[in-house]
Amino acid sequence: LEEFLVAPSDFGSAREMGADAAVSATLVMADPPNGSMPFRNSEEIRGNMTLIERGGGQFVNVVRRAQEAGAAAVVMADSKEGHLFLMSTELGNSGDDVTIPAVL
């Protein structure tokens, strides 16, 4: 068992996650990897946790696409150096329609 530092999103159910919250699901790589378009592997994603590479657009929109494909949660892989930060929404978009947890 490994532990990873994560930064929750500032939208969806991750806003309500406690420090000890856990999601149990199979981790599936997204296709396309950055979630920039509708997922080609939505059947694999359905009911599972989806690993998405950062860079496919606004975080909230990428997580929303994963939710629409049936993902149980999203892990956003950050390839940028620096400190973790809170994933947020674009201006004027609350992201309240996103109900799955997402972490960076």
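Small disclaimer: the values here were computed from a predicted structure and weren't measured.

Caption draft 1: Representation of the nonpolar core. With 20 residues, the main nonpolar core has Phe11, Phe39, Ile52, Val63, Val74, Met76 and Met87 as its most contacted residues. When contributions to this core are tallied by element, the ones reaching two or more residues are helix H2 (59–68) and strand S3 (73–77). Looking at this core element by element, the count peaks at five residues for H2. Those residues in contact with isoleucine 52 that sit more than four places away from it in its chain are Ala30, Pro33, Asn34, Gly35, Phe39, Val62, Ala66, Val74, Val75, Met76 and Ala77.

Caption draft 2: Summary view of unusual backbone geometry. Residue proline 32 is reached from aspartate 31 by a cis peptide bond, and omega for that bond is 10°. Looking at the element boundaries, proline 32 is found in the loop between strand S1 (27–29) and helix H1 (42–45).

Caption draft 3: Focus on the pairing of strand S2 (residues 49–53). Of the pairings in the sheet, the one linking S1 to S2 comprises three bridges and is parallel in character. Bridging across to S2, leucine 27 finds its partner in methionine 49. Of the strand pairs in this sheet, S2 and S3 are connected by five bridges, and their pairing is parallel. From the neighbouring strand, threonine 50 faces S3, where its bridge partner is valine 74.

Caption draft 4: Structural detail: the pairing of S3. Crossover connection from S2 via H2 to parallel S3: handedness right-handed. When S3 meets strand S4 (residues 102–103), the two strands line up parallel, connected through two bridges. Each residue of the ladder has a partner; that of valine 74, found in S4, is alanine 102.

About the thresholds
Residues numbered from 1 in each chain as written. Predicted model: local features only at pLDDT ≥ 70, side-chain atom pairs only at ≥ 80, totals over all residues. Heavy atoms only, no water. Core = buried A, V, L, I, M, F, W, Y, C linked by side-chain atoms within 4.5 Å. Buried < 20%, exposed > 50% of the residue type's maximum accessible area, 1.4 Å probe, protein only. Helix = DSSP H or I, 4+ residues; strand = E, 2+ residues; numbered from the N terminus. Contact = heavy atoms within 4.5 Å. Pairing = 2+ DSSP bridges. Right-handed = clockwise from strand over helix to strand, strands pointing away.

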